[in-house]
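In case you want the letters, here they are:
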Amino acid sequence: MPRINNAQLPPEVESHHDVVLAVHGGAGVMTRGSMTAAVEKNFLSKLEGALKAGFKHLKKGGSSVDAVEAAVRYLEDCPVFNAGRGAVLTSNGRIELDASIMDGASGLAGAVACVTTVKNPVSCARAVMERTHHVLLAGSGAEQFAQKQKLEIVDPSYFITDRQWEKFERFKSAHEVGSNGNGKSITGTKVKKKAAKKDIKKYGTVGAVARDNKGNLAAATSTGGIIGQKFGRVGDSPIVGAGVYADNATCAVSSTGQGEYFMRSLTAYDVAALMKYAGMPVAQAAYKAIHISLTGKGAQGGIIVLDAKGECVMPFNSEGMFRGCITKKGEVFTSIYR
Ligand code: ASP
């Protein structure tokens, strides 16, 4: 396996220092120039809003777990991202949400999968971590647990936005099976399929990584999955080591992209393991996990990574990744493309 040193890192690997919180709003996005300036501005302002929501906690001495939860809650409430309200629909027109959180100080983690009524799945994941001895609760068990914990419960229709419903309609018509009159089955037209394929590429999962003033790291991820996914499908986002990971000794990671690849590659843990066992600095480890491991398998996506010294890297191999970070002085950086 080739060794990478800093000189070999391509210029597109941005590295930020003195960072206390970073967020992402999904990789994939649209091709450069296909979003209006106003749409891009809206995404960037939402990322900034999430950074500020988390930073508020850090400034007053709150924990990194408080910060990632607040940032992810903010993004779950924004209808433009594929998490909480605004999430994508499954093949049967439902919304099924997954979320996770991990505390790098204690090594504890919590996650939920396939929830349909919990307004902020990341808070439910935190409750699993702090109030049970389990890591992952799914479906109705997770929902009953959320109710018992007095978390906010909403009707499933709360999550469905017009934008996602339209995408779902496009997905359905591109994949519907009909008959051409000769008894042969036909599936959606090429044009429809192309449009639906573009929708699939626009991931919009959200996540955050943080470091508090005690030096503790935390990470959280939340998603609606992939448009038109089989109902019951669970991706990487609630899987520790794949979609989320935090360990004070190495780094905090939140992933976004084609979940099945992240699960098989254990991408989030891959970064930590390269740092821990191969002694790689964070930038090299993150670069390797995305641009060598994932790219080599033909997968698309990205990660945000923060190490214990406050170095933050956000590599991705898709067109773009909605991302941003904030330093301990409160300086904000947000971006979409390379
Ligand atoms: N990783 C998510 C999943 O596979 C999707 C995404 O990141 O947008 O469920």
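Before any of the text, the structure's been laid out above.
Residues numbered from 1 in each chain as written. Predicted model: local features only at pLDDT ≥ 70, side-chain atom pairs only at ≥ 80, totals over all residues. Heavy atoms only, no water.

A. Summary view of the overall build of the protein chain. Across its full length, the protein chain holds nine helices and 15 strands. Long-range contacts, defined here as pairs at least 24 residues apart, represent 69% of the contacts in the protein chain between residues at least 6 apart. With an accessible surface of roughly 14300 Å², the protein chain has 53% of that area assigned to carbon and sulfur atoms. (Helix = DSSP H or I, 4+ residues; strand = E, 2+ residues; numbered from the N terminus. Contact = heavy atoms within 4.5 Å. Areas by Shrake-Rupley, 256 points an atom, 1.4 Å probe, with all protein chains shown as cover.)

B. View of empty space enclosed by the protein. Counted under the stated rule, the structure contains three cavities of 30 Å³ or more. Size it by volume and the largest cavity reaches roughly 90 Å³. The wall of the largest cavity is formed by 14 residues, among which Thr205, Thr223, Gly225, Ile226 and Gly257 lie closest to the centre. Residue composition of the lining of the largest cavity, grouped by class: two nonpolar, nine polar and three charged. (1 Å grid on protein atoms, 1.4 Å probe; cavity = no way out; pocket = protein on both sides within 12 Å on 5 of 7 lines; lining within 4 Å. Points joined across faces, edges and corners; volume = space filled by probe spheres on them. Nonpolar A, V, L, I, M, F, W, Y, C, P; charged D, E, K, R; others polar.)

C. Seen up close, the packing of helix α3 (residues 121-131) against helix α4 (residues 139-148). Packing of α3 against α4 brings their axes to within 10 Å, and their N-to-C directions diverge by 85 degrees. The angle between the axes of α3 and α4 places the two elements in the roughly perpendicular class. Contacts from Cys124, Ala127 and Val128 of α3 reach α4 at Ala142, Phe145 and Ala146. Looking at the contact of α3 with α4, its residues break down into six nonpolar, no polar and no charged. (Axes fitted to C-alpha atoms, helices over the stretch in contact; angles between N-to-C directions. Parallel < 35°, antiparallel > 145°, perpendicular 65-115°, else oblique.)

D. Spotlight on the packing of aromatic side chains. If you walk through the whole model with that rule in mind, you get six aromatic pairs. Ring geometry for tyrosine 158 versus phenylalanine 159: centroids 5.1 Å apart, planes at 75 degrees, classification edge-to-face. Tyrosine 158 sits in the partly exposed class, given a relative accessible area of 23%. One aromatic cluster in this structure is built from Phe43, Phe81 and Phe322. A cation over a ring is seen here: arginine 264 above tyrosine 261, with NZ or CZ 5.0 Å from the ring centre. (Phe/Tyr/Trp six-rings, centres within 6.5 Å; stacked < 30°, edge-to-face > 60°. Buried < 20%, exposed > 50% of the residue type's maximum accessible area, 1.4 Å probe, protein only. Lys NZ or Arg CZ within 6 Å of the ring centre and 35° of its normal.)

E. Representation of the nonpolar core within the structure. Counting residues in hydrophobic clusters, the biggest one holds 52 residues, and the most contacted among them are Leu21, Val23, Phe81 and Ile101. Aside from chain neighbours lying at most four places away, what touches phenylalanine 81 is Gly25, Phe43, Lys46, Leu47, Leu75, Gly86, Ala87, Gly204, Val206 and Phe322. Of all hydrophobic cores here, the second largest spans 39 residues; its members include Val244, Val305, Val313 and Phe316. (Core = buried A, V, L, I, M, F, W, Y, C linked by side-chain atoms within 4.5 Å.)

F. Examining the pairing of strand β3 (residues 97-103) more closely. Counting buried residues in β3 gives seven out of seven residues, a clear majority hidden from the surface. With burial as the criterion, each face of β3 is covered, one bearing Leu97, Ala99, Ile101 and Asp103 and the other bearing Asp98, Ser100 and Met102. Relative to strand β4 (residues 109-115), β3 runs antiparallel, the two sharing five bridges. Pairing of leucine 97 across the sheet is with valine 115, part of β4. Remark: five residues form the turn of the hairpin made by β3 and β4, two consecutive strands paired antiparallel; glycine 107 in that turn has positive phi of roughly 80 degrees. Across six bridges, the pairing between β3 and strand β9 (residues 217-223) is antiparallel. Bridge assignment links aspartate 103 to a residue of β9, and that residue is alanine 218. (Pairing = 2+ DSSP bridges.)

G. Representation of unusual backbone geometry. Despite not being glycine, aspartate 18 shows a phi value in the positive range, around 60 degrees. Looking at the secondary structure, you find aspartate 18 in the loop between β1 (15-16) and β2 (19-27). Notably, lysine 150 is not glycine yet its phi reads approximately 60 degrees, a positive angle. Looking at the element boundaries, lysine 150 is found in the loop between α4 and α5 (162-175).

All we've got here are geometric facts, nothing functional implied.
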